[in-house]
Amino acid sequence: MKDIFFVSDTHFGHRPEFLWKPRGFSSVEEMDEAIIENWNKVVKQGDIVYHLGDTMLNDNAHGLECFKRLNGQIFLIYGNHDTDARKNLLFTELRGKMLGGWYAWLIKYNKLSIYMSHYPTLTANYDSGKHFSQHVINLHAHTHQKTNFLNPTNPFMYHVGVDSHNCTPVHIDEIISDIRQRWEEIGHLPTPVIPEDNYPYDKIFSDKYNVQPQDTYPYNSII
Ligand SMILES: [Fe+2]
């Protein structure tokens, strides 16, 4: 039986130390080898891996060689570093391994809706009375955070990147279990929400660009 895994931000070959050092490695070469080894420990040939973007940087030939060594078949959700050149290389050189690619995609798994995107996407409200499975789960990448939840009070946005998963793809059942546990921990009754505090990007964005939160996140007005 095929198992399903998620991963992102492998950044194979990405030389600056700000990328590999926080991951606990002493070189990009060490990081690349560890990711490949970890991947192949959990992913079997025939398994499916959704890679949510940022496959490789700096040396595309090296990145391609890394991908050749990975077990399983891969769907790619494009990240901001997945240029046309890199996508063309992967999809032309690895036919049969690279099965398809999109900018975002929604799958159904055990009656759950799972929306995959490179950038975090707000797909669920804090509606009361909704059953767990009625929420759309967003699996995302990009943030390189060390924790799985971008917003600790929103269990339905989950980071699948290697930075919070010990440089290893994570099984879909483990993700669902993490999300369900967080949902049960925080409760699922409506939480009093001050819109400006509800969305961390507002503050990040407003601090950086010196604009008011209501200018950055129009949905505040309808929450
Ligand atoms: Fe990235």
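In case you missed it, the structure is sitting above this.
Small disclaimer: the values here were computed from a predicted structure and weren't measured.

Caption draft 1: Quick peek at the overall build of the chain. Secondary structure summary: the chain contains 8 helices and 9 strands in total. Expressed as a percentage of its 223 residues, the buried residues of the chain come to 31%. A fraction of 63% describes how many contacts in the chain between residues 6 or more apart in sequence connect residues 24 or more apart.

Caption draft 2: Inspection of the sheet that holds strand E3 (residues 73-77) at higher detail. Reading across from one edge, E4-E3-E2-E1-E9 is the order of the 5 strands in this open sheet, with mixed pairing throughout. Among the strands making up the open sheet, the edge pair consists of strand E4 (98-102) and strand E9 (170-171). The pairing of E3 with E4 spans 4 bridges and is parallel. Paired with Ile74 across the strands is Met98, a residue of E4.

Caption draft 3: Here's a closer look at the sheet that holds strand E6 (residues 112-117). Taken in spatial order, the 4 strands line up as E5-E6-E7-E8 in an open sheet, and their pairing is mixed. Pairing within the sheet leaves two strands with one partner each, and these edge strands are strand E5 (104-109) and strand E8 (157-159). Adjacent strand axes in the sheet meet at a mean angle of 25° when their direction is disregarded. Pairing analysis gives 6 bridges linking E5 to E6, with the strands arranged antiparallel.

Analysis parameters
Residues numbered from 1 in each chain as written. Predicted model: local features only at pLDDT ≥ 70, side-chain atom pairs only at ≥ 80, totals over all residues. Helix = DSSP H or I, 4+ residues; strand = E, 2+ residues; numbered from the N terminus. Buried ≥ 20, exposed ≤ 12 C-beta atoms within 10 Å, placed from the backbone. Contact = placed C-beta atoms within 7 Å. Pairing = 2+ DSSP bridges. Axes fitted to C-alpha atoms, helices over the stretch in contact; angles between N-to-C directions.

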